[in-house]
Amino acid sequence: MWKVIVLAAGLLMYMGGEAGSPAYTAGMSPGIVHAAEAGQAHSSESSPQSYGSLNGITLTDRKQDVIRKLGTPVEVKRDAISGVTEFHYKDMEVGLRRGLTEYVHVKPSAQSFRVEDRSVGMTSAKIRKTLGKPYFKAEDGDVYLKDGYALKVFKNRETGQITGVDLFFDYLE
């Protein structure tokens, strides 16, 4: 019982962060899953074999790896509550915790993004063509899961417009 309490407390502390920000809530609250859409994702023939990197950044990259790959960030912000340091670049952000990449967020201002070595246009049709059917549809976007990684395409509920793309660990696996 004690282990369950400690685990729950750790998860609550880990999930702290700015409300409504996709980068902080991406892996933590999947939103409403539409039962008819849930299930095994269907990959297209051109679908990446893994979601291990987004725009060249992997979730195993250290702070120095991110700087080596992307250069000096335009801005650095630290959230004292969540412990996440955000490296801001022109069309993306990289969240780091304890010097390791926690998530990668591509802003909707980007014309495209790269999953592994595949370029994907920043439209729902191009994403669906490249990545196939999502594993499930959440209230705030489409979620693709594979090999312990989650790629989430955030969408505005009313307009369907893409509001960002995040890569993070699939903690539910």
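Rules and cut-offs
Residues numbered from 1 in each chain as written. Predicted model: local features only at pLDDT ≥ 70, side-chain atom pairs only at ≥ 80, totals over all residues. Heavy atoms only, no water. Core = buried A, V, L, I, M, F, W, Y, C linked by side-chain atoms within 4.5 Å. Buried < 20%, exposed > 50% of the residue type's maximum accessible area, 1.4 Å probe, protein only. Helix = DSSP H or I, 4+ residues; strand = E, 2+ residues; numbered from the N terminus. Contact = heavy atoms within 4.5 Å. Salt bridge = Lys/Arg side-chain N within 4 Å of Asp/Glu carboxyl O.

If you check an unreviewed UniProt entry, the chain appears there as Copper amine oxidase-like N-terminal domain-containing protein from Paenibacillus ihbetae.

In this section: the nonpolar core. Of all hydrophobic cores here, the largest spans 26 residues; its most connected members are Leu 54, Phe 113 and Leu 151. Counting only elements with at least two residues in this core, the list comes to β5 (92-97), β6 (100-106), β7 (112-115), α4 (124-131), β11 (149-155) and β12 (162-169). Setting aside residues no more than four positions away along its own chain, Phe 113 makes contact with Leu 54, Asn 55, Val 106, Arg 118, Ser 119, Val 120, Gly 121, Met 122, Ile 127 and Val 165.

With that settled, the discussion passes to the pattern of salt bridges. Enumeration over the complete set of coordinates arrives at nine salt bridges. Among the salt bridges present, the one from Asp 61 reaches Lys 69, with a minimum N-O distance of 2.8 Å. For Asp 61, a relative accessible area of 6% corresponds to the buried category. With its nearest N and O atoms 3.4 Å apart, the salt bridge here joins Glu 139 to Arg 157. Remark: Arg 157 occurs in the loop between β11 and β12 and Glu 139 occurs in the loop between β9 (136-138) and β10 (141-146); sequence separation between them is 18 residues. The network of salt bridges with common partners includes Arg 62, Asp 65 and Arg 68.

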